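Per-entry structural report
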Amino acid sequence: MLQLCPALMDWLLFLTMFAILYGAGARGFPPAQWTWLGSLMQLTYLFSSLATGHLLTPRNTRPLLLGSTVLCLALMVAALWLENFAALAAVSAAIGIFAAVFFTAFQTFMRHVAPPGKLALTAGLYTCSWSLGAGLGFLSAGALYGFGPLALTALALLVGVVTLALLLTHRTPPHAAALAEPETGAVETAHIPEAVRRRYVWIGWLLIFVVVFALRPVQNFLPPLGAAEHRPALLTTLPLFLQITLQGLAGYAMHTQTRWLYRRAPLVLVQLGAALLFLVLALVPAGALLGLPLIGLWCGYAYFQAVYYSSNAGRRAWNLGINEFLVGGASLGSLFLVEYCMQQVARPETALYLCAAASLALAALALFLLAPRR
């Protein structure tokens, strides 16, 4: 049941984010303010993730989880009622701080309590859980937005209380009673030398950066663009819901494909396929309804590997903190870059060429970093 916690927290986070951004488009906020509302949360998330990864210890992980859950819930409920840009920006920044604490602490806690030999399953469940939660956040926000902030608040409080109940009632399994930092890799990859595992931590970081760089502008700009064009909120959320749902299912399926782990060829081929898909979407924008779910398959593969590699070598809490730092950094950079592209060119979808270039760059870096060593 503990694996439901990231799903529930992401449900809250993406419900709130959609409500803020769709509301910004409906109230006539300019595109620059759409960018700031999305980027302030990412900016605070970025630095808070690093700080949390540095400060986490086995003793303070659970208290930080509980405290960040309560504060996130309070701030998200407040955001559902605010209409002023300055107030929304301040609350968004605060949500980014405590969301970073929650997700970095949860991943560290998850690694501690993972049963021996089950790290792949644990990482797959985590990827599936938070992805499906994000999809439900978009879908429920789109369905309830027309009923006003009261309906969204009621749902947020219900989801938040269930999250707290799961965290409070969880009992640490006997094998993790000491919550000691594991010194060796997971059983299923024990044959992989430590030096190789450490190299793949870098690959995980590159993967998460490229995926978030490609995906975050879509999640940020699609809701306000839909509102500005008077599309119904539910219709605006459907492509995002499909993309994130397939992402979660792909991430879960990866735990059965451990033969793909620590291998260069599948990694490079997947990146080349992603680059080709982005190029097709840039040339045929009408295919977005089909293309976004396919991008979800690529994202699920990448997120699973990023979590697995970071949890399987070196300083696990620090590695996971850097994962979340890169989520914030990639989001921030891509939001401003795509906004600039939207201002400079008549077709905003040309920003997809940047995503294709990033995927190709990652394939090239993987070939270089993972070249055989003597």
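The paragraphs below set out a description of the structure included in this document. (Residues numbered from 1 in each chain as written. Predicted model: local features only at pLDDT ≥ 70, side-chain atom pairs only at ≥ 80, totals over all residues. Heavy atoms only, no water.)

1. Quick look at the overall build of the chain
Within the chain one finds 12 helices and zero strands. Each helix (α) and strand (β) of the chain, taken in turn from the N terminus, gives the series α-α-α-α-α-α-α-α-α-α-α-α. Looking at the chain as a whole, 56% of its 374 residues qualify as buried. Sequence-distant contacts, at least 24 apart, represent 87% of the contacts inside the chain between residues at least 6 apart. Accessible surface, the chain: about 15,100 Å² in total, of which carbon and sulfur atoms supply 74%. (Helix = DSSP H or I, 4+ residues; strand = E, 2+ residues; numbered from the N terminus. Buried < 20%, exposed > 50% of the residue type's maximum accessible area, 1.4 Å probe, protein only. Contact = heavy atoms within 4.5 Å. Areas by Shrake-Rupley, 256 points an atom, 1.4 Å probe, with all protein chains shown as cover.)

2. Thoughts on the packing of helix 1 (residues 4-26) against helix 6 (residues 149-169)
Remark: helix 1 packs on helix 6, axes separated minimally by 9 Å, with the N-to-C direction vectors making an angle of 155°. When the axis of helix 1 is compared with that of helix 6, the two are roughly antiparallel. When the axes of helix 1 and helix 6 are compared, the crossing they make is left-handed. Where helix 1 abuts helix 6, its residues Leu4, Cys5, Leu8, Met9, Trp11, Leu12, Leu15 and Ala19 lie against Leu152, Leu155, Ala156, Val159, Gly160, Val162, Thr163, Leu166 and Leu167. (Axes fitted to C-alpha atoms, helices over the stretch in contact; angles between N-to-C directions. Parallel < 35°, antiparallel > 145°, perpendicular 65-115°, else oblique. Left-handed = near helix turned anticlockwise from the far one by under 90°.)

3. A few points about a nonpolar patch on the surface
On the surface, Leu276, Leu279, Val280, Leu283, Val284 and Tyr353 cluster together to form a nonpolar patch covering roughly 550 Å² of accessible area. Counting residues per element, the nonpolar patch draws most heavily on helix 9 (residues 264-283), at four residues. Mapping Leu276 onto the fold places it in helix 9. Judged by relative accessible area, Leu276 falls into the exposed class, the value being 55%. (Patch = residues over 30% accessible without salt bridge, like charges linked within 9 Å, V, L, I, M, F, W, Y side chains within 5 Å. Salt bridge = Lys/Arg side-chain N within 4 Å of Asp/Glu carboxyl O.)

4. A short note on helix 9
Here helix 9 is 20 residues long and its end C-alpha atoms lie 29 Å apart, about the 28 Å a rise of 1.5 Å per residue gives. Residues of helix 9 that are buried: Pro266, Leu267, Val268, Gln271, Ala274, Ala275, Phe278, Leu281 and Ala282. (Expected span 1.5 Å × (residues − 1).)

5. A few points about the environment of Asn60
Mapping Asn60 onto the fold places it in the loop between helix 2 (31-55) and helix 3 (61-81). Between the C-alpha atom of Asn60 and that of Ala105, which follows or precedes it by 45 residues, the distance is 8.9 Å. Within the local environment of Asn60, its side chain forms a polar contact with the backbone oxygen of Leu55, the two atoms lying 3.1 Å apart. (Polar contact = N/O pair within 3.5 Å; in protein donor to acceptor, adjacent residues only side chain to side chain.)

6. Remarks on the packing of helix 5 (residues 119-144) against helix 8 (residues 233-253)
Taken N-terminus to C-terminus, the directions of helix 5 and helix 8 make an angle of 170°; their axes are 8 Å apart at the nearest point. Compared by their axis directions, helix 5 and helix 8 come out roughly antiparallel. A class-by-class count of the residues in the contact of helix 5 with helix 8 yields 17 nonpolar, 10 polar and no charged. (Nonpolar A, V, L, I, M, F, W, Y, C, P; charged D, E, K, R; others polar.)

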